[in-house]
Amino acid sequence: MIGGGATVEPRAKAKTPEKPDARDGGDVLIIPNYENPSWDEHFFVFVAHPIVKVEFHVKDNDGFGTELMGVMEIPVAKIVSGDMVNDWFLIIGNFGSPSRPTRNFTSQPNSGQKGGDATLYQDARVPEGKLPQILLDDGKIYEQGKCQEDICHAILEAHHLIYIIGWSIYHPVRLVREPSRELPNGGELSLGELLKHKSEEGVRVVVLIWNDKTSHDKFLLKTDGVTQTHDEETKKFFRHCGVRYVLALGYTSTKLSIFKQQRWKNAAKWREFKLKNVRRWHENALLRLNRISWILCPSIGPDGDRKLQVRDKDNPENWHVQVFRSIDSGSVKGFPKSVEEAAKQGQTMTMTYKIIAQALEKAGLSHKYHRLDDLNFYCLGKREPLSSSQPSSQAMNQQSENNAVASVQKFRRFMIYVHAKGMIVDDEYVIVGSANINQRSLRGSRDIEIAMGGHQPHHTWARKKRHLHGQFYGYRMSLWAEHLGDLEDSLREPQSIECVKRVNRIAKWNWKAYVDEDQHNPKEMRGHLMQYPIQVILG
């Protein structure tokens, strides 16, 4: 609340002074001609850098623009504790003095949606018996999720709404090839036919896909596009059916709001003129989904989200989950085109190892530990063993030397490109999403990204006072079993030097096996994890 003698139309915007060009926390509503406004607003300040305070720039909207009244600061130390912040703060004017009487502000950090549930998938499909059993706390055994099969069942069992957002959705794909449980009627259909089938049942099906502007399917111009996401092909497939399929570029939150508002205005105009063949506002499935009564939304208050909870807070498998996203109109900027820009990856690695070396030197431990004991970079690859069906050298030589297929057939090796990214911290917290660990993805104002972060409050180091053996431990161990070829006791304690050195030995061996030029008797890889081809030396 604001108190003062002058009548103003106040507004505020949250910022972090350390990164003034980072994404803002968003504007709060303007309250006209009111001396003591109360904002009941929820917004996020996106932070991916060290900060010491959050600033609120308070402005007066006078009809001819906005005038900065002053800046209010809240130390991060007050926010990170997790407690409600309810205090009086000075709004400091341009010349360093209070421009108005003291103000009161209430804030509380967001800890995610409580009482949730989530399933972690390491692959689209994990064959039965491929990986060893992983024991969890309380005698439980970790179960690898079957991603595509679960998606198929979720679609088949939907009664009201199917909302799909993705980089690429290819309609001929079949989700289930080898079912582990009985599929309901329709499970044998391709993804596109399955979605059509559900729309015919009366389910609202909405598909929002990235629009590759380099792909075309009009008249004589047909191109796959740079990213080959099949966007035009899939759009054509869903034409003249009940599936709402929209190709969309990224917009900032403000632009998206304006974009939505304009479409709503246009819809209203169309209704007024009663034009034929124009969709009415309620047929625009991508707008105002919160108008649908059976979609539950959290309400204001400490217990406002309780009606959304699927697990009780005392349930040991309870999750706290957050969804992070970045959408911006600058997302279509090109990839690095020069060697200097692409070299930033190597510079980042060099800088990071330099920081570690300085820290070890300062602690007097540089003689005891190497930088590779603290940080390592890996990549994934596969080299298949020689089989009797391998084409002869003469047959392969008849193909072009630049033919990628011939190269793969000759050496039977290829990189594994993983589009989803994830991070597991201390077997206690996990974040999985689309963002790469680079400035382009993480700045928040370029690529469109989405991620899920979560933890289980009953499986924390602070609560257990020991290493955790919950879902995140099982998830990590399952991934390591696949990429390292097996599980060993040393891998159960990833923070130990023994574990780090063992993983590095396996990864180094795999890289040598991967690049081995011996076509007839190459070294055999153990799993897929390979040491990134860089050399880290002392000095």
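Our structure's up above, just so we're on the same page.
## A closer look at the overall build of the chain
Looking only at helices and strands, one finds 13 helices and 19 strands in the chain. Residues classed as buried in the chain amount to 34% of the 539 residues present. Accessible surface, the chain as shown: approximately 33,900 Å² in total, 54% of it carbon and sulfur.

## What about the nonpolar core?
Counting 24 residues, the largest nonpolar core has Leu120 and Ile134 as the members making the most contacts within it. Elements with a minimum of two residues in this core: strand 13 (319-326), helix 12 (471-484) and helix 13 (497-515). If one sorts the elements of this core by residue count, helix 12 sits on top with seven residues. Not counting the four nearest positions on each side in its chain, isoleucine 134 is found in contact with Lys140, Ile141, Tyr142, Gln144, Tyr473, Gly474, Met477, Ser478 and Leu487. If you look at the next biggest cluster of nonpolar residues, it comprises 21 residues, including Ile162, Ile169, Leu175 and Leu194.

## What about the sheet that holds strand 14 (residues 378-383)?
With antiparallel pairing, three strands are arranged side by side in an open sheet as 15-14-19. Every interior strand has two partners, whereas the edge strands, strand 15 (413-415) and strand 19 (529-531), have only one. The sheet shows a mean angle of 45° between the axes of neighbouring strands, direction not considered. Relative to strand 19, strand 14 runs antiparallel, the two sharing three bridges. Within strand 19, the residue paired with cysteine 379 across the bridge is methionine 530.

## Some details on the packing of helix 2 (residues 147-156) against helix 3 (residues 191-200)
Contact geometry of helix 2 with helix 3 gives a least axis separation of 10 Å together with a crossing angle of 20°. Comparing the axis directions of helix 2 and helix 3 gives the class roughly parallel. By crossing handedness, the relation of helix 2 to helix 3 is classed as left-handed. Counting all contacts with helix 2, which are made through Cys152, Ile155 and Leu156, the residues of helix 3 involved are Leu191, Leu194, Leu195 and Lys198. Here the contact of helix 2 with helix 3 is composed, by residue class, of six nonpolar, no polar and one charged.

## As for the environment of lysine 313
Locating lysine 313 in the fold gives a position in the loop between helix 5 (253-273) and strand 13. Judged by relative accessible area, lysine 313 falls into the exposed class, the value being 60%. Counting along the chain gives 199 residues from lysine 313 to lysine 114, while the straight-line C-alpha distance between them is 7.7 Å. Residues contacting lysine 313, with those up to four places away along its chain left out, are Asn318 and His458.

## Focus on helix 2
Among all positions of helix 2, only Cys147, Glu149, Cys152, His153, Ile155 and Leu156 are buried. Residues of helix 2 that are buried sit in contact with strand 8 (161-166) and helix 3.

## Quick word on a positive patch on the surface
On the surface, a cluster of positive charge is made up of Lys213, Lys218, Lys235 and Arg239. On the secondary structure map, lysine 218 appears in strand 10 (residues 216-218). Since its relative accessible area comes to 58%, lysine 218 is described here as exposed.

## Side note on the pairing of strand 16 (residues 421-425)
Sheet analysis places strand 16 next to strand 17 (residues 429-433), joined by five bridges and oriented antiparallel. Counterpart to valine 425 in the pairing with strand 17 is tyrosine 429. Between strand 16 and strand 17, which pair antiparallel in sequence order, lie three residues; one of them, aspartate 426, sits at a positive phi of approximately 55°.

## What about the environment of leucine 529?
Relative to the helices and strands, leucine 529 resides in strand 19. Note on leucine 529: relative accessible area 15%, which makes it buried. For the pair leucine 529 and tyrosine 378, spaced 151 residues apart in sequence, the C-alpha to C-alpha distance is 6.6 Å.

## Quick notes on the side chain of glutamate 149
With respect to the secondary-structure elements, glutamate 149 resides in helix 2. Assessed through its relative accessible area of 6%, glutamate 149 is described here as buried. Here the side chain of glutamate 149 touches arginine 181 through a polar contact of 3.3 Å, landing on its backbone nitrogen. Beyond its immediate sequence surroundings of up to four residues, glutamate 149 is in contact with Leu175, Val176, Glu178, Pro179, Ser180 and Arg181.

## Things to note about the environment of tyrosine 532
Position of tyrosine 532 relative to the elements: it lies in the segment after strand 19. Residues tyrosine 532 and phenylalanine 377 lie 155 residues apart in sequence; the distance between their C-alpha atoms is 5.5 Å. In this view, tyrosine 532 contacts Gln345, Met349, Phe377, Tyr378 and Cys379; residues no more than four positions away in its chain are not counted.

## Considerations on unusual backbone geometry
Phi is positive for histidine 230, close to 60°, though the residue is something other than glycine. Along the polypeptide, histidine 230 turns up in the loop between strand 11 (221-223) and helix 4 (231-237). Although it is not a glycine, aspartate 426 adopts a positive phi angle of roughly 55°. Inspection of the secondary structure puts aspartate 426 in the loop between strand 16 and strand 17. Note on aspartate 426: relative accessible area 54%, which makes it exposed.

## Comments concerning the packing of helix 12 against helix 13
Where helix 12 contacts helix 13, the two axes come as close as 11 Å, and the packing angle between them is 35°. For the pair helix 12 and helix 13, the contacting residues are Trp480, His483 and Leu484 in the first and Cys499, Val503, Ile506 and Asn510 in the second. Partitioned by chemical class, the residues of the contact of helix 12 with helix 13 number five nonpolar, two polar and no charged.

## Describing the pattern of salt bridges
Pairing of side chains with opposite charge becomes possible as their charged atoms draw close. Throughout the structure, instances matching the rule amount to 17 salt bridges. Lysine 130 is the salt-bridge partner of glutamate 482, the closest N and O atoms lying 3.7 Å from each other. Placement of the pair is glutamate 482 in helix 12 and lysine 130 in the loop between strand 7 (113-116) and helix 2, with a sequence separation of 352 residues. Classification of glutamate 482 by relative accessible area gives buried; the value is 12%. The class of lysine 130 is partly exposed, set by a relative accessible area of 47%. Linking glutamate 201 and lysine 198 is a salt bridge whose minimum nitrogen-to-oxygen distance equals 2.9 Å. Overall, glutamate 201 belongs to the partly exposed group, its relative accessible area being 47%.

The rules we used
- Along each chain, residues carry numbers from 1 onward, in the same order as the chain's sequence is written.
- Per-residue local features of the predicted model are confined to residues with pLDDT of at least 70, and side-chain atom pairs are confined, for both listing and counting, to 80 or more; whole-chain, interface and lining totals are unaffected and use all residues.
- Values shown for side chains rest on all heavy atoms present in the structure; no hydrogens or waters enter the calculation.
- Here a helix means four or more residues in a row that DSSP labels H or I, a strand means two or more in a row labelled E, and each is numbered from the N terminus.
- Any residue under 20% of the maximum accessible area for its type is buried, any over 50% is exposed, and the rest in between are partly exposed; the area is computed with a 1.4 Å probe on protein chains only.
- Only the protein chains shown count as cover for residues, with accessible areas throughout obtained via the Shrake-Rupley method and a probe of 1.4 Å.
- As used here, the term nonpolar core means buried Ala, Val, Leu, Ile, Met, Phe, Trp, Tyr and Cys residues forming a set that is joined through side-chain atoms within 4.5 Å.
- Pairs of residues are marked as contacts when any of their non-hydrogen atoms sit within 4.5 Å.
- Two strands pair if DSSP finds at least two bridges between them.
- Axes here refer to lines fitted to C-alpha atoms; in helices the fit is confined to the stretch in contact. Angles between the N-to-C directions go from 0 to 180 degrees.
- For this classification, under 35 degrees means roughly parallel, over 145 means roughly antiparallel, 65 to 115 means roughly perpendicular, and everything else is oblique.
- Helix crossings fall into two classes, left-handed where the near helix is turned counterclockwise from the far one by less than a right angle and right-handed where it is turned clockwise.
- Put simply, Ala, Val, Leu, Ile, Met, Phe, Trp, Tyr, Cys and Pro go in the nonpolar bin, Asp, Glu, Lys and Arg in the charged bin, and everything else, Gly too, in the polar bin.
- Each patch is built from residues that are more than 30% exposed by relative accessible area and take part in no salt bridge. Like charges join if they lie within 9 Å; nonpolar side chains (Val, Leu, Ile, Met, Phe, Trp, Tyr) join within 5 Å.
- Here a salt bridge means any side-chain nitrogen of Lys or Arg lying within 4 Å of a carboxyl oxygen belonging to Asp or Glu.
- For the purpose of charge, His is not counted, nor are the chain termini; Lys and Arg are scored as positive and Asp and Glu as negative.
- The location of each charge is read from NZ of Lys, CZ of Arg, CG of Asp or CD of Glu.
- Identification of polar contacts relies on pairs of N or O atoms within 3.5 Å, with a donor-acceptor requirement for protein atoms, meaning one able to donate a hydrogen and the other able to accept it, and with residues adjacent in sequence counted only if both atoms are side-chain atoms.

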